[in-house]
Amino acid sequence: MKILIAGKNGQVGRCLVDLLEAQTELTFLALGREELDITDEIQVDKIVSEFQPNIIINAAAYTAVDKAEQECDLANTINRDGPCNLAHAANKINAVIIHISTDYVFDGVSTESYTESDVTAPQGEYGRSKLAGEQAVAQACPKHIILRTAWVFGEHGNNFVKTMLRLAKTRESLGVVADQFGGPTYAG
Ligand SMILES: NC(=O)c1ccc[n+]([C@@H]2O[C@H](COP(=O)([O-])OP(=O)(O)OC[C@H]3O[C@@H](n4cnc5c(N)ncnc54)[C@H](OP(=O)(O)O)[C@@H]3O)[C@@H](O)[C@H]2O)c1
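Residues numbered from 1 in each chain as written. Predicted model: local features only at pLDDT ≥ 70, side-chain atom pairs only at ≥ 80, totals over all residues. Heavy atoms only, no water.

K.L.:
Mind showing me how you'd approach the site of the ligand here?
P.N.:
Not every one of the 23 residues close to the ligand is listed here, only the nearest: Val12, Arg33, Thr63, Tyr126 and Lys130. Backbone polar atom of Gln11 to an oxygen atom of the ligand: 3.0 Å apart, as the coordinates give it. Between the ligand and Asp37, the relevant distance is 2.9 Å, taken from a nitrogen atom to a side-chain nitrogen or oxygen of the residue. When contributions to the shell around the ligand are tallied by element, the ones reaching two or more residues are α1 (11-21), β4 (96-102) and α4 (125-140). Considering each element in turn, the shell around the ligand owes the most residues, three residues, to β4. (Near = heavy atom within 4 Å. Polar contact = N/O pair within 3.5 Å; in protein donor to acceptor, adjacent residues only side chain to side chain. Helix = DSSP H or I, 4+ residues; strand = E, 2+ residues; numbered from the N terminus.)

Next comes the structure, spelled out in structure tokens:
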């Protein structure tokens with residue numbers, strides 16, 4: 001079993017590498033943007049056809065939610081076209097693609113937890129680009145798994161949990177928005 005990971009330097013990518021390095025049964029190749037730019041269709045095809053993975057995990061993404069409002073084209077290139085390239089390459093060699101998406105594909109209006117079959121209605125450019133990525137993956141590769149996660153935290157990178165822990169050490173009280181609900185999810 002061979003696994004190719006795109007986006008090895010992100011929060012999720014680094015946790016995946018930690019997990020895979022701790023085992024010996026699976027062969028893996030984890031690459032960062034400088035070695036595998038998912039928006040480069042030719043590079044994606046070359047690496048996938050050379051390594052011949054059984055599973056491709058896409059941990060690469062444009063994740064600057066607020067900035068995406070100004071960088072809509074870039075967000076779409078990375079979050080829609082990138083996964084599309086990986087999914088096409090996976091399909092060519094009959095591999096499975098595991099693609100990570102987000103709760104931002106929903107409108108956030110529901111007072112209950114969202115399920116897989118709930119209607120998507122992204123409210124911003126980031127969510128729209130991630131939804132477009134999901135659709136591109138599903139269309140390009142029948143053997144796909146799309147994971148919608150939320151509030152990812154872990155030991156690597158910056159995240160809400162780390163910020164709260166850091167501030168809690170130095171402040172008596174914290175001012176935090178109180179009208180958002182989410183399920184913090186461990187990257188590993
Ligand atoms: N963080 C969250 O709270 C959260 C919540 C829900 C869903 N998600 C989803 O979970 C997944 C992983 O998120 P994360 O928190 O691990 O994100 P992250 O820490 O921002 O990591 C994303 C990685 O993707 C890389 N990347 C960007 N453009 C690329 C390209 N063209 N080719 C290859 N790599 C590229 C980045 O490289 P550079 O460092 O070079 O930019 C970065 O290392 C994403 O799909 C994200 O949408 C995250």
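K.L.:
I'm lost on the side chain of His99 in this one. Help?
P.N.:
Inspection of the secondary structure puts His99 in strand β4. Those residues in contact with His99 that sit more than four places away from it in its chain are Asn58, Pro83, Lys130, Gly133, Glu134, Val137, Ile145, Ile146 and Leu147. (Contact = heavy atoms within 4.5 Å.)

K.L.:
Got a minute to help me understand the pattern of salt bridges in this structure?
P.N.:
Oppositely charged side chains can pair when the atoms bearing their charge come close. Tallying each qualifying case throughout the model produces five salt bridges. In this structure, Lys46 and Glu50 form a salt bridge, with 3.2 Å as the shortest nitrogen-oxygen distance. Of this pair, Lys46 and Glu50 both sit in helix α2 (residues 41-51), four residues apart, which is roughly one turn of the helix. We classify Lys46 as partly exposed; its relative accessible area is 48%. (Salt bridge = Lys/Arg side-chain N within 4 Å of Asp/Glu carboxyl O. Buried < 20%, exposed > 50% of the residue type's maximum accessible area, 1.4 Å probe, protein only.)

K.L.:
In this structure, what is going on with unusual backbone geometry? I would like to understand it.
P.N.:
Peptide bonds are mostly trans, and most non-glycine residues show a negative phi. The backbone of Asn94 sits at a positive phi, close to 65°, despite the residue not being glycine. Tracing the sequence through the fold places Asn94 in the loop between α3 (72-92) and β4.

K.L.:
Would you mind showing me how to read the environment of Val105 here?
P.N.:
Here Val105 lies in the loop between β4 and α4. Residues Val105 and Ala132, 27 residues apart in the sequence, show an inter-C-alpha distance of 9.3 Å. Each residue touching Val105, except ones within four places of it in the same chain, is listed here: Thr120, Ala121, Pro122, Gly127, Lys130, Leu131, Glu134 and Arg148.

K.L.:
Explain the environment of Val177 to me, please; I cannot follow it from the model alone.
P.N.:
Tracing the backbone shows Val177 in the loop between α5 (160-170) and β7 (185-186). As for Val177 and Asp40, which are separated by 137 residues in sequence, their C-alpha atoms are 39 Å apart.

K.L.:
I would appreciate a short explanation of the environment of Thr63 in the present structure.
P.N.:
By the element assignment, Thr63 lies in the loop between β3 (55-58) and α3. In this structure the C-alpha to C-alpha distance between Thr63 and Ile78, which are 15 residues apart in sequence, comes to 9.6 Å.

K.L.:
Can you help me understand the sheet that holds strand β5 (residues 144-149) in this one?
P.N.:
Strand pairing in a sheet takes place through backbone hydrogen bonds and is either antiparallel or parallel in direction. Spatially, five strands are ordered β2-β1-β3-β4-β5 in an open sheet, and the strand pairing comes out parallel. With partners counted over all chains shown, the strands left at the sheet margins are β2 (27-31) and β5, one partner each. For this sheet the average axis-to-axis angle between neighbouring strands, irrespective of direction, equals 15°. Here β3 runs beside β4; their pairing, made up of four bridges, is parallel. (Pairing = 2+ DSSP bridges. Axes fitted to C-alpha atoms, helices over the stretch in contact; angles between N-to-C directions.)

K.L.:
I keep staring at the pairing of β5 and nothing clicks. Help me out?
P.N.:
In regular strands, side chains alternate between the two faces of the sheet. Where β4 and β5 come together, six bridges link them in parallel fashion. Of the residues in β5, the one forming a bridge with Ile98 is Ile145. With respect to chirality, the unit in which β4 leads through α4 into the neighbouring parallel β5 is right-handed. (Right-handed = clockwise from strand over helix to strand, strands pointing away.)

K.L.:
I tried to follow the packing of aromatic side chains on my own but got confused; where do I start?
P.N.:
What characterises a pair of aromatic rings is the spacing of the ring centres plus the angle enclosed by the ring planes. Tallied over the full model, the rule gives four aromatic pairs. When the ring of Tyr104 is compared with that of Tyr126, the centres are 5.3 Å apart and the planes differ by 80°; the resulting orientation is edge-to-face. One end of the pair, Tyr104, is in the loop between β4 and α4; the other, Tyr126, is in helix α4, with 22 residues separating them in the sequence. Exposure remark for Tyr104: the relative accessible area of 41% places this residue in the partly exposed category. (Phe/Tyr/Trp six-rings, centres within 6.5 Å; stacked < 30°, edge-to-face > 60°.)

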